[in-house]
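Coordinate analysis (summary)
Each chain, letter by letter, is given below.
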Amino acid sequence: MKSMDDDVALLGGVPLFGALPVDLLTQVAQAAETVAVGAGELLFRQGDRGETLYIVRSGRLEVLVDDEIVRVHGRGEAFGELALLSGGVRTASVRARRDSDLLALHRAEFDRLLDTEPAFSRALIHELGARLRRGDVPVARPQSSTVLSLLTVQELPESVVLGLADRLTVELARHATVARVDGGEPRESWGERLDALEAAHEVVLLVAARRAGPWWEFCARQTDRALVVVDPAASDPVPTTLPGAHLVALGTAGLAGWLDAIEPAAHHLVDPASHSDIARLARRVSGRALGLVLSGGGARGLAHLGVIDVLLRAGARIDRVGGTSMGALMAGLVAVGLDIDEMLRVVRHELVERKPFSDYTVSRYGLIRAKRGAAMLERVFGDLAIEAQRRSFFAVSVDLVGAEVVVHRRGRFVDAIGLSVRLPGVAPPAWVDGRLHIDGGVLDNLPIGVMASDGEGPVVAVDVMRPFQPVPGDETVPTAVDTIARAMVLASWQRAASGRLLAHTLITPGLDTMGMFDFRRMGEIVDAGRRSAESALPGLAGLL
């Protein structure tokens with residue numbers, strides 16, 4: 001419970017009031033009203049009339065302009081005084097990120113202090129003048145900490161959840177300062193305790209081993225990322241409303257139903273006894289998971305294998321993969337856990353020796369039937385499901401009717417990759433679920449933005465389809481397929497300029513003499529990928 005002395009001390013640290021004598025600070029504290037705002041609740045909206053000045057006693061509040069977060073207020077910060085002084089409306093909305101306690105100084109008391117206390121008026125003018133000299137502009141303050149909540153929505157044994165929390169805490173501590181809270185403190189102290197821990201740690205892990213009750217509800221409200229632990233085979237799915245939740249599944253049997261019920265932002269397959277599983281979970285939820293995005297490019301995409309080879313040999317732990325067209329195929333090989341020697345063997349046998357893209361036809365729909373390609377995918381991936389893998393995976397296609405990118409994160413690899421590898425004019429489009437799918441390279445040949453939006457860590461991207469750069473003096477005309485492919489991704493490449501900025505490292509193998517169907521040059525292409533990756537290694541030192 002906060003005392004008057006606590007509030008006076010708090011106000012003394014607020015720039016707006018810091019120059020006031022103690023007796024005047026006491027008057028302000030006595031005049032202020034205590035306001036509690038629950039996590040997720042709006043304190044006021046942009047456009048509301050400004051009638052109150054607020055000081056944060058504890059908690060976190062987000063300032064939003066047109067629904068974009070521009071600042072985060074924490075303990076000891078004041079806001080709302082400008083609308084109060086001008087008599088105008090709020091220029092931003094404020095929403096609680098955590099359960100927050102505030103001091104609220106309403107207009108009547110504010111005006112009384114201005115009228116009766118010259119020191120108050122002078123202090124206010126001094127602070128506002130200092131802001132003008134500094135040219136203060138509200139900017140987004142980096143979030144000082146991340147609150148993770150480990151929850152369950154089933155009647156799981158508490159020992160399972162607590163054991164997982166023990167090991168997760170150890171792994172998180174490899175990347176950040178961590179505090180863990182299991183809810184043993186008195187209920188009235190939870191908010192202040194969390195506020196203090198956030199100030200001193202980069203990650204706070206809240207653990208609710210029971211599926212209901214006040215502590216569970218508190219954890220669910222405060223979290224930046226809820227980790228919902230379930231044993232999919234233990235019960236029917238339980239729908240839950242936790243926006244942006246991650247599903248931590250202790251098995252794959254029954255997983256599809258849980259994914260449908262919860263619709264998580266991401267899911268993780270975890271064996272509680274597996275160090276590698278828990279380490280990967282810790283990297284992903286703390287934003288330290290390395291992601292690899294691979295572009296489309298036909299045979300040029302074989303260079304991805306060279307890049308992957310160098311990264312793995314250098315010690316990279318690739319936790320997330322995704323790509324477009326041929327890049328989706330190569331990413332799939334990584335996702336299902338093949339080592340580099342197996343990848344090279346599979347690709348040489350399936351793409352070089354068996355020539356799956358050579359079933360030419362005279363057709364109104366494409367130059368090839370694409371049946372050999374479909375059979376190749378069946379041989380390589382069979383019935384393997386994307387959601388049943390330890391590494392996260394996505395493939396990108398384009399809906400020709402809706403003119404939009406489609407991201408595939410669930411279902412069979414065969415289907416997701418098969419829809420991504422459909423070069424317009426070469427392979428026929430395919431109707432699935434009311435969408436007419438064509439090659440993802442039409443709109444997003446290097447889907448860095450898709451992976452970066454997950455917020456799980458740095459992204460390394462490999463682009464094998466940079467704009468056409470012929471050898472000086474060589475006026476050889478590209479083949480029809482090369483021309484189609486280069487024309488298709490040209491607009492995509494130009495639009496992706498901003499997306500490239502989201503990558504930690506962009507690797508672009510030198511492949512200007514390689515054609516889209518030059519699979520017979522696999523050795524040269526893979527080596528080009530290796531050389532480009534080796535050149536990029538110094539810049540990747542912090543990720544390996």
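The structure displayed is predicted, hence computed values, not measured ones.

Counting residues in hydrophobic clusters, the biggest one holds 55 residues, and the most contacted among them are Leu292, Leu302, Leu329, Met330, Leu351 and Phe393. Ranked by the residues each element gives to this core, the list is headed by helix α12 (residues 326-335), at eight residues. With sequence-adjacent residues up to four places away left out, phenylalanine 393 is seen in contact with Val321, Ala328, Ala331, Gly332, Ala335, Ile386, His408, Arg409, Phe413 and Ile417. With 28 residues, the next largest nonpolar core counts Val147, Ala208, Leu242 and Leu259 among its residues.

The buried fraction of strand β3 (residues 52-58) amounts to seven of the seven residues, a majority that puts the element mostly inside the structure. When β3 meets strand β8 (residues 100-106), the two strands line up antiparallel, connected through six bridges. Looking at the pairing, tyrosine 54 lines up with alanine 104 of β8. Examined bridge by bridge, β3 and strand β6 (residues 78-79) share two bridges and lie antiparallel to one another.

Quick look at the confidence of the model for the protein now. On average, the protein scores 88 in pLDDT, and the residues at 70 or more come to 89%. Between residues 138-142, whose pLDDT stays under 50, and residues either more than four places distant or in other chains, the model counts twelve contacts.

Further remarks concern unusual backbone geometry. A positive phi angle, near 50 degrees, is found at glutamate 263, a position not held by glycine. Relative accessible area serves as the criterion here: at 65%, glutamate 263 is assigned to the exposed category. Phi angles above zero are rare outside glycine, and aspartate 433 is one such case at about 55 degrees. Here aspartate 433 lies in the loop between β19 (430-432) and β20 (435-439). A residue is classified by how much of its surface remains accessible, and aspartate 433, at 75% relative accessible area, is exposed.

About the cut-offs
Residues numbered from 1 in each chain as written. Predicted model: local features only at pLDDT ≥ 70, side-chain atom pairs only at ≥ 80, totals over all residues. Heavy atoms only, no water. Core = buried A, V, L, I, M, F, W, Y, C linked by side-chain atoms within 4.5 Å. Buried < 20%, exposed > 50% of the residue type's maximum accessible area, 1.4 Å probe, protein only. Helix = DSSP H or I, 4+ residues; strand = E, 2+ residues; numbered from the N terminus. Contact = heavy atoms within 4.5 Å. Pairing = 2+ DSSP bridges. pLDDT = per-residue confidence, 0-100.

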